[in-house]
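Take a look at the letters that make up each chain.
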Amino acid sequence: MSEHEPSGSSRRIRVLTLIDKPIAIGGAERLAVDLAIGLDPARFERYFCATRRTSFRQLDDELRAAGVDYRSLDRRSRYDLLPWRSLIGLLRRERIDVLHAHLFGSNLWGSVIGRLSGVPAVLAHEHTWSYVGRPLRKLADRHVVARFADTIIAVSQADADKMTSVEHIPAGKITVIRNGIHDPVVTASREQVRAELGIPEAALLIAAVAVIRPQKRLDRLIEAATILRTEIPGVQVAIVGAGYPEETAKLEKLVKDRGLHSTVRFLGERDDAANVIAAADLGIITSDYEGIPLSLLEFMALRRPVVATAVGGIPEVLRDGETGSLVRELTPEAIAQAVIELSRLPVDRRNELGDAARALQQATFSFAAYVRSVQDLYGHLLRDGRGA
């Protein structure tokens, strides 16, 4: 047994979460923060370390208010290496039992530093990437992260399969833990939200919730909207989220060029995305690749049928014809056709799909189940001494 490892009930297990920045708009970042807060405080002493400087204080304050020991290394860039000495000192001084890194940069450095610092259990959490191109990343994942981390968490079986087939990481080094979410909190009625947005009650409202970046292929959604407006009079598309300014500008220009200013709305980053989802009739995801997007689980939790591209882990969650529609042909035409077919279903039938989506999310993708799976993994790694 490692000298770090708690014996019996002598002390709580000390877990340090490592991530570049605890920002608000990214699903992976949000999940890392929620997980650090959600660990059972009776069993775990929780630390959270951001490697980069960030001006966003809300999540920092949220962590501290929940009793999580928040630290920042204040690295200025990827080439700023000296602050890593502070992490080594922290891991050794606090006798951290579990280092749980999230996303590539922290996975890479955390796996090496955690192992060199004698942390008994080191985990790298990959929240998905496209697994095409970027040969240096594949080499780093295979020869560094997979070598030094005790396990790599994949958020879907599809991602795990890519890790083995594309990156050639041994299957025994991978643990699949699918995402889970808290119940979204709705604070305004459908009528209030639609009145705020100027959307008639009878209009079909489609909601997309995403970080605006190329992966999400919101251009595909906008092109689909050119078809939908001719087939579904008064249809509205609401895009909730912020992201890359250059991508946002490109999408706004596409809306202008297609004459869709009265159909497609950019609502920006909102802390009441759940209200928009609850006011919508359908959720939509048009991505090129995904792990298990939190927006999909939010749509399901709020009883909204979903139209989604059949990529990554989405088919492991969305049941075609039972909770929504999977689109296997990644074209605006196929997406539009799936929306049209769902829109023409009787309201009672759409409600049945939404109820089935809610039941599945509650049974399989709840936040409580997610936290239990992670906590069990921590205990397993410490008990079998894989990091010792």
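These numbers were taken from a predicted model, which means no experiment stands behind them.

Concerning the overall build of the protein
Here is step 1 of the chain: Assigned secondary structure in the protein consists of 14 helices and 13 strands.
Here is step 2 of the chain: Once the C-alpha set of the protein is aligned to its principal axes, its extents read approximately 65 × 40 × 40 Å.
Here is step 3 of the chain: The buried share among the 388 residues of the protein stands at 55%.
Here is step 4 of the chain: A separation threshold of at least 6 residues defines the contact pool for the protein, and within that pool the share at least 24 residues apart is 70%.
Here is step 5 of the chain: Split by element, the accessible area of the protein, about 16,500 Å² in all, is 50% carbon and sulfur.
Here is step 6 of the chain: Charged side chains in the protein number 52 positive and 50 negative. The centres of these two groups are separated by 5 Å.

Some words on helix α11 (residues 294-301)
Here is step 1 of the chain: With 7 of 8 residues buried, α11 is to be regarded as a mostly interior element.
Here is step 2 of the chain: Listing the buried residues of α11 in full gives L294, S295, L296, L297, F299, M300 and A301.
Here is step 3 of the chain: Tucked into the core, α11 has its buried residues touching α1 (27-38), β8 (205-209), α10 (273-279), β11 (282-285), β12 (306-309) and α13 (347-364).
Here is step 4 of the chain: Immediately beyond the C-terminal end of α11, within one or two residues, lies R303, with a positive phi of roughly 65 degrees.

A look at empty space enclosed by the protein
Here is step 1 of the chain: Enumeration according to the criterion identifies 2 cavities of 30 Å³ or more in this entry.
Here is step 2 of the chain: Of the volumes computed, that of the largest cavity is approximately 80 Å³.
Here is step 3 of the chain: Forming the boundary of the largest cavity are 13 residues, of which A210, I284, I285, T286 and S287 lie nearest the centre.
Here is step 4 of the chain: Contributions of two or more residues to the lining of the largest cavity are made by β8, α8 (218-231) and β11.
Here is step 5 of the chain: Of the residues contributing to the lining of the largest cavity, the split by class is 8 nonpolar, 3 polar and 2 charged.
Here is step 6 of the chain: Looking at the second largest cavity, its volume works out to about 50 Å³.
Here is step 7 of the chain: Looking at the second largest cavity, the residues that line it are N107, E126, W129, Y131, D141, V145, I152, M163, E167 and I169.
Here is step 8 of the chain: Of the residues assigned to the lining of the second largest cavity, the class counts are 6 nonpolar, 1 polar and 3 charged.

Regarding the sheet that holds strand β9 (residues 236-240)
Here is step 1 of the chain: Read across the open sheet, the 6 strands follow the order β10-β9-β8-β11-β12-β13; overall the sheet is parallel. In this open sheet, the two strands that pair with only one neighbour each are β10 (264-268) and β13 (324-327). Pairs of neighbouring strands in the sheet enclose a mean axial angle of 20 degrees, with direction left out of account.
Here is step 2 of the chain: Where β8 and β11 come together, 2 bridges link them in parallel fashion. Paired with I206 across the bridge in β11 is L282.

Remarks on the pairing of strand β1 (residues 13-19)
Here is step 1 of the chain: For β1, the buried fraction is high: 7 of the 7 residues fall into the buried class.
Here is step 2 of the chain: Residues I13, V15, T17 and I19 line one face of β1 and the alternating positions R14, L16 and L18 line the opposite face, and both faces are buried.
Here is step 3 of the chain: Note that β1 and strand β2 (residues 44-52) share 7 bridges and pair parallel. Bridging from a neighbouring strand, L16 pairs with Y47 of β2.
Here is step 4 of the chain: Inspection of the sheet shows β1 paired to strand β4 (residues 98-102) by 4 bridges, in the parallel sense. Pairing of T17 across the sheet is with H100, part of β4.

Calculation rules
Residues numbered from 1 in each chain as written. Predicted model: local features only at pLDDT ≥ 70, side-chain atom pairs only at ≥ 80, totals over all residues. Heavy atoms only, no water. Helix = DSSP H or I, 4+ residues; strand = E, 2+ residues; numbered from the N terminus. Buried < 20%, exposed > 50% of the residue type's maximum accessible area, 1.4 Å probe, protein only. Contact = heavy atoms within 4.5 Å. Areas by Shrake-Rupley, 256 points an atom, 1.4 Å probe, with all protein chains shown as cover. Lys, Arg positive; Asp, Glu negative; His and termini not counted. Charge placed at Lys NZ, Arg CZ, Asp CG, Glu CD. 1 Å grid on protein atoms, 1.4 Å probe; cavity = no way out; pocket = protein on both sides within 12 Å on 5 of 7 lines; lining within 4 Å. Points joined across faces, edges and corners; volume = space filled by probe spheres on them. Nonpolar A, V, L, I, M, F, W, Y, C, P; charged D, E, K, R; others polar. Pairing = 2+ DSSP bridges. Axes fitted to C-alpha atoms, helices over the stretch in contact; angles between N-to-C directions.

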